[in-house]
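Structural description and commentary
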Amino acid sequence: MAILKSIIVALAAASAPITVLGFQLQSRAVVNMDPYPFCNVATNANCIAGGKYLIPILEFSSEGGAGDVAYNTYLPTSAWTFSKWTNGMMPERCYYWGVTADKWKATDFIIYNVTYSDCATPFVVCRHQKSTKSIGQLATIIGRLPVKMRQATSIYLVYGDQNSDNPNYGGYMATLAGDGIIIGRSVAYFSTSLVHETGHAIDSTLASPGSGKSFSSTTAWANAVKADGFAVSAYGAGSYVEDFAETTRAVLLDTIYPGGLSNFTQKNPNITQITNQLKAYKTVAGAYLTLGGKCDLAKKFPFPTELVKRV
Ligand SMILES: *[C@@H]1O[C@H](CO)[C@@H](O)[C@H](O)[C@H]1NC(C)=O
Ligand SMILES: *[C@@H]1O[C@H](CO)[C@@H](O)[C@H](O)[C@H]1NC(C)=O
Ligand SMILES: *[C@@H]1O[C@H](CO)[C@@H](O)[C@H](O)[C@H]1NC(C)=O
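Conventions used here
Residues numbered from 1 in each chain as written. Chains lettered and ligands numbered in written order. Predicted model: local features only at pLDDT ≥ 70, side-chain atom pairs only at ≥ 80, totals over all residues. Heavy atoms only, no water. Near = heavy atom within 4 Å. Polar contact = N/O pair within 3.5 Å; in protein donor to acceptor, adjacent residues only side chain to side chain. Nonpolar A, V, L, I, M, F, W, Y, C, P; charged D, E, K, R; others polar. Areas by Shrake-Rupley, 256 points an atom, 1.4 Å probe, with all protein chains shown as cover. Phe/Tyr/Trp six-rings, centres within 6.5 Å; stacked < 30°, edge-to-face > 60°. Helix = DSSP H or I, 4+ residues; strand = E, 2+ residues; numbered from the N terminus. Buried < 20%, exposed > 50% of the residue type's maximum accessible area, 1.4 Å probe, protein only. Lys NZ or Arg CZ within 6 Å of the ring centre and 35° of its normal.

1. Describing the site of ligand 2
All residues adjacent to ligand 2 are Ser-83, Lys-84, Asn-113, Pro-122 and Phe-303. At 2.3 Å, a side-chain N or O of Asn-113 approaches an oxygen atom of ligand 2. For the shell around ligand 2, the class distribution of residues is 2 nonpolar, 2 polar and 1 charged.

Dropping the structure here:
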């Protein structure tokens, strides 16, 4: 894992500011965006495929949108148990991102192992006391991710929702794929946001094993996007890496929705505009977006063993 370049990416959501984190640079910029920020080729050099994206838009970005509802309907949640850490420690990565970088107080976090019936290795949730979702609610939402996807991660860092909880944090949700960690405000934890963020983790690990770079940075992905000429969504048009994460949502819907993505769009003929991206994604990572089975301990992002004192 150490050789993997960390991919840090953020999810835009309804009128929330998003944080773009730079792990290598250890810097961030806060930008305000609308829920479907489409890229403008004049101002964004990364704007792929000329800024064109699938129309009609796939309603899978917001909590309660059609995609989110479909995930909640067709993804069963895995049974879980949790146990609270009592050793006064926290994973070093929770300390680094939550305390050093994002300026929350270490003593305000409660650390949990969450163990799912489909994976022997626990996941760790570092939950700030201001989180408006309980550990049970969080475990249920995380447990909807098919285990073969979920295994791309290891740690969930969950913050409070109000700016007044911590005026130094202006972010929403992000993935630090090289650390196997997803970070977000508790309001940002809902099914479709986790599908997107886990897509980033899949991109840099499971879809590109041992390569040291994400699949979305390969020519194979660029060629699929180019062959289609349309990004999967408006947000996806902003960069290859976001387009890959958006494709995670599309492929998962195609897999679980009765009648697939075509049926999800009421058989809109334009769905063929993203055929090559769906195919390229399924070739490298489709197997991780299927239901059932167990996590593969050879592929699972490891349980965090580097710990620091929390209190
Ligand atoms: C199909 O895509 C084209 C090009 O983006 C768009 O103009 C058209 O409205 C779309 N058709 C439907 C039925 O959504
Ligand atoms: C959490 O899981 C780890 C790894 O399996 C284990 O060593 C540790 O004892 C567990 N802690 C708690 C509080 O369950
Ligand atoms: C298509 O989706 C509808 C619900 O939107 C469902 O009732 C129908 O059975 C699906 N068709 C197929 C072929 O699965």
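2. A few points about the site of ligand 3
The local shell around ligand 3 consists of Tyr-257, Pro-258, Gly-259 and Asn-263. In this structure, Tyr-257 approaches ligand 3 through a side-chain N or O atom, which is 3.0 Å from an oxygen atom. One of the side-chain N or O atoms of Asn-263 is found 2.4 Å from an oxygen atom in ligand 3. Against a free-state accessible area of 370 Å², the protein chains account for coverage of 36% of ligand 3. Tallied by class, the residues present in the shell around ligand 3 amount to 2 nonpolar, 2 polar and no charged.

3. A few points about the packing of aromatic side chains
For the coordinates displayed, the defined rule picks out 17 aromatic pairs. For the pair Tyr-159 and Tyr-169, a centre-to-centre distance of 4.8 Å together with 75 degrees between the ring planes defines the contact as edge-to-face. In this pair, Tyr-159 sits in strand β8 (residues 155-159) while Tyr-169 sits in the loop between β8 and β9 (173-176), placing the two residues 10 residues apart along the sequence. Judged by its relative accessible area of 0%, Tyr-159 is buried. Under the relative-accessibility criterion, Tyr-169 is labelled buried at 4%. Aromatic side chains Tyr-257 and Phe-264 sit 5.4 Å apart centroid to centroid with 80 degrees between the ring planes, which places their arrangement in the edge-to-face category. Residue classification places Tyr-257 among the partly exposed residues on the basis of a relative accessible area of 23%. One aromatic cluster is present, built from ring pairs that chain together Trp-104, Phe-109, Tyr-159 and Tyr-169. We note Lys-52 situated over the ring of Phe-230; from NZ or CZ to the ring centre the distance is 4.8 Å. Just above the ring of Tyr-116 sits the side chain of Arg-150; from NZ or CZ to the centre is 4.4 Å.

Scope: geometric values only; no functional claims are made or implied.
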